[in-house]
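Structure assessment
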Amino acid sequence: MSSFTKNLNYAYIGQGLYSTASDFRFYLNDNLEGEYVDVKANTVFNGASIPKLVKEVFHWNPMDIRWLQATVLHDALVGEFSDKITTSLGRTLSWKESANWFNAALKIKNKQHDCPDSYRLIFYFAILFYGYLVCKE
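The present account deals with the structure reproduced in this document. Computed from a predicted structure; not experimentally measured.

1. Some details on the sheet that holds strand S1 (residues 3–4)
Taken together, the 3 strands give an open sheet; going across it, the order is S1-S4-S5, and neighbouring strands pair in antiparallel fashion. Edge positions in the open sheet fall to S1 and strand S5 (36–39), since each of these has one partner strand only. Sheet analysis places S1 next to strand S4 (residues 24–27), joined by 2 bridges and oriented antiparallel. Each bridged residue has a counterpart across the sheet, and for Ser 3 the counterpart in S4 is Tyr 27. Packing of helix H2 (residues 65–78) onto the sheet brings it into contact with S1, S4 and S5, and relative to S5 it is tilted by some 90°. Along the sheet, helix H3 (residues 95–106) makes contact with S1, S4 and S5, crossing S4 at roughly 95°.

2. Quick word on the packing of aromatic side chains
The full count for this structure, using the stated rule, is 16 aromatic pairs. Aromatic side chains Trp 60 and Phe 123 sit 5.1 Å apart centroid to centroid with 75° between the ring planes, which places their arrangement in the edge-to-face category. With a gap of 63 residues between them, Trp 60 in the loop between helix H1 (52–58) and H2 and Phe 123 in helix H4 (residues 117–135) connect regions that are remote in the sequence. Judged by relative accessible area, which is 6%, Trp 60 ranks as buried. Judged by its relative accessible area of 9%, Phe 123 is buried. Following the ring pairs from residue to residue traces out a cluster consisting of Phe 58, Trp 60, Trp 67, Tyr 119 and Phe 123. Over the ring of Tyr 36 we find Arg 25, and its NZ or CZ is 3.7 Å from the ring centre.

3. Comments concerning the sheet that holds strand S6 (residues 44–45)
Spatial strand order, S2-S3-S6: 3 strands in an open sheet with antiparallel pairing. Each having just a single partner strand, strand S2 (10–14) and S6 make up the two edges of the open sheet.

4. Focus: the environment of Asn 9
If you trace the backbone, Asn 9 turns up in the loop between S1 and S2. Overall, Asn 9 belongs to the partly exposed group, its relative accessible area being 42%. Each C-alpha atom of the pair Asn 9 and Thr 20 lies 5.9 Å from the other, and the pair is 11 residues apart in sequence.

5. Observations regarding the pattern of salt bridges
Within the structure shown, the criterion is met by 4 salt bridges. Arg 25 is the partner of Asp 38 in a salt bridge, and the nearest nitrogen-oxygen pair spans 2.6 Å. Of this pair, Asp 38 sits in strand S5 while Arg 25 sits in strand S4, and the two are 13 residues apart along the sequence. What makes Asp 38 partly exposed here is its relative accessible area of 22%. On the basis of relative accessibility, which here comes to 23%, the residue Arg 25 falls in the partly exposed class.

Definitions and limits used
Residues numbered from 1 in each chain as written. Predicted model: local features only at pLDDT ≥ 70, side-chain atom pairs only at ≥ 80, totals over all residues. Heavy atoms only, no water. Pairing = 2+ DSSP bridges. Helix = DSSP H or I, 4+ residues; strand = E, 2+ residues; numbered from the N terminus. Contact = heavy atoms within 4.5 Å. Axes fitted to C-alpha atoms, helices over the stretch in contact; angles between N-to-C directions. Phe/Tyr/Trp six-rings, centres within 6.5 Å; stacked < 30°, edge-to-face > 60°. Buried < 20%, exposed > 50% of the residue type's maximum accessible area, 1.4 Å probe, protein only. Lys NZ or Arg CZ within 6 Å of the ring centre and 35° of its normal. Salt bridge = Lys/Arg side-chain N within 4 Å of Asp/Glu carboxyl O.

Structure (structure tokens):
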């Protein structure tokens with residue numbers, strides 16, 4: 001499993017965009033050691049980029065707390081709205097590596113994050129597919 005060091009605090013900044021209000025760290029494992037990424041305050045994100053039709057059919061809210069912090073992590077890793085961030089590995093991650101970290105973040109089970117496995121797998125494979133189409137990874 002993996003771990004977030006803090007819950008997500010954020011503010012709406014307009015035009016469907018949000019900004020983190022404080023830093024948080026995400027560890028790829030749950031013993032708070034090893035590989036991690038720091039997401040800084042003022043990181044801009046939009047919640048999950050779920051296509052409108054899919055949102056309507058499945059009633060998925062892109063700002064749902066069950067996957068919101070994981071989507072912020074992914075947006076930060078791929079630099080969707082700001083510069084890509086560097087991990088403890090000393091480099092930025094590829095799209096596929098970022099998808100794997102996103103998947104690990106979605107697996108967290110606690111009172112704030114409890115993304116159903118079926119949703120997690122759909123989100124994960126959708127991101128991999130998008131990366132294949134757009135990023136050619």
